[in-house]
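# Results of the structural survey
Read off the chains here:
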Amino acid sequence: MVKSKKKILIGIIIIQLLLFSNIIQANGDITVIASRVSKISEIKVDDNPRYLKPNHTLFSFDAEAEILNRDDENQTVSELGDFDPKVRIYASLVNKSIELIQKVSYSTAWTDFTYSPGITTEYEPVRLYINQSGLSHLPDGNYTLDRPINTASKYGAGEPAEVLLTFFQMISGIINITYTNFTVLTLPEETSAFSIQLTIIFLISIAILVVRRKRTKIYCK
């Protein structure tokens with residue numbers, strides 16, 4: 001009986017240690033930096049003569065983007081290639097002969113961005129062309145917005161960021177927007193996770209000893 005209880009206890013300890021290693025691995029998989037488009041303004045026809053193109057309709061809107069730093073210290077993102085604006089838009093249109101072309105500028109220089117713990121908010125003006133003139137609203141279809149981050153590591157080592165997508169559907173000038181929210185996870189310290197595991201093992205061990213003692217007393221009676 002004693003040997004069987006010892007085997008059970010050893011088995012429980014092994015299981016807990018395996019769970020602990022899985023927690024550490026999961027912690028390593030939590031992405032420190034995440035981004036999302038959190039708000040867009042009304043999308044309007046833009047008649048700025050500086051940007052007009054023949055046989056195209058120009059639209060513009062303002063986008064609010066959020067960068068989440070889940071760590072408790074500043075994180076520096078080193079990106080090779082910087083877009084302006086940083087918010088990008090893509091479309092799958094009902095009329096396949098129509099194309100969306102976003103107006104962007106691009107730099108090939110390395111650029112560093114530092115984000116404080118928590119959420120940093122950015123504001124980006126977005127302009128896009130539709131290769132059809134005289135439009136009063138965006139053509140019917142499904143649109144996707146994101147705020148790409150190429151590299152998310154304070155050492156520029158290439159750790160990927162979590163880039164969340166925002167979707168909207170356009171039907172006859174009516175827009176339906178779906179924003180994706182952050183899963184706000186903090187990076188738990190390994191020592192804290194280890195302490196939790198030790199506590200669980202200790203409590204289970206105590207419970208086994210209590211049950212064993214009670215059974216021994218009953219047997220003696």
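Everything discussed here concerns the structure shown above.
Reading guide: rules and limits
Residues numbered from 1 in each chain as written. Predicted model: local features only at pLDDT ≥ 70, side-chain atom pairs only at ≥ 80, totals over all residues. Heavy atoms only, no water. Helix = DSSP H or I, 4+ residues; strand = E, 2+ residues; numbered from the N terminus. Buried < 20%, exposed > 50% of the residue type's maximum accessible area, 1.4 Å probe, protein only. Pairing = 2+ DSSP bridges. Axes fitted to C-alpha atoms, helices over the stretch in contact; angles between N-to-C directions. Phe/Tyr/Trp six-rings, centres within 6.5 Å; stacked < 30°, edge-to-face > 60°. Lys NZ or Arg CZ within 6 Å of the ring centre and 35° of its normal. Salt bridge = Lys/Arg side-chain N within 4 Å of Asp/Glu carboxyl O.

Below, the discussion takes up unusual backbone geometry. In most cases, non-glycine residues show a negative phi, while peptide bonds are predominantly trans. Note the cis peptide between Asp84 and Pro85, where omega equals 5°. Counting through the fold element by element, Pro85 comes out in the loop between β4 (75-84) and β5 (88-93). Notably, Ser172 is not glycine yet its phi reads approximately 50°, a positive angle. Position of Ser172 relative to the elements: it lies in the loop between β11 (166-171) and β12 (174-178). On the accessibility criterion, Ser172 (54% relative accessible area) is exposed.

Below, the discussion takes up the sheet that holds β11. One open sheet holds the four strands; their spatial order is β5-β9-β11-β12, and the pairing between them is antiparallel. Edge strands, defined here as strands with exactly one partner in the open sheet, are β5 and β12. On average, each strand axis in the sheet is tilted by 20° relative to the strand beside it, whichever way the strands run. When β11 meets β12, the two strands line up antiparallel, connected through five bridges. Directly across from Ile171, in β12, lies its bridge partner Ile174.

Below, the discussion takes up the packing of aromatic side chains. Scanning the entire structure with this criterion turns up two aromatic pairs. If you follow Arg36 out to its NZ or CZ, it ends over the ring of Phe182, 5.4 Å from the centre. A cation over an aromatic ring shows up here: Lys53 above the ring of Tyr129, its NZ or CZ 4.8 Å from the ring centre.

Before going further, it helps to examine the pattern of salt bridges. Summed over the entire model, instances satisfying the criterion amount to five salt bridges. For Glu79, the salt bridge goes to Arg147, with nearest N and O atoms at 3.9 Å. Taken together, the residues span a long stretch of sequence, with Glu79 in strand β4 and Arg147 in the loop between β9 (141-146) and β10 (162-163) at a distance of 68 residues. Overlapping salt bridges, with partners in common, bring together Glu79, Glu122 and Arg147 in one network.

That's the geometry; what it means functionally is another story.
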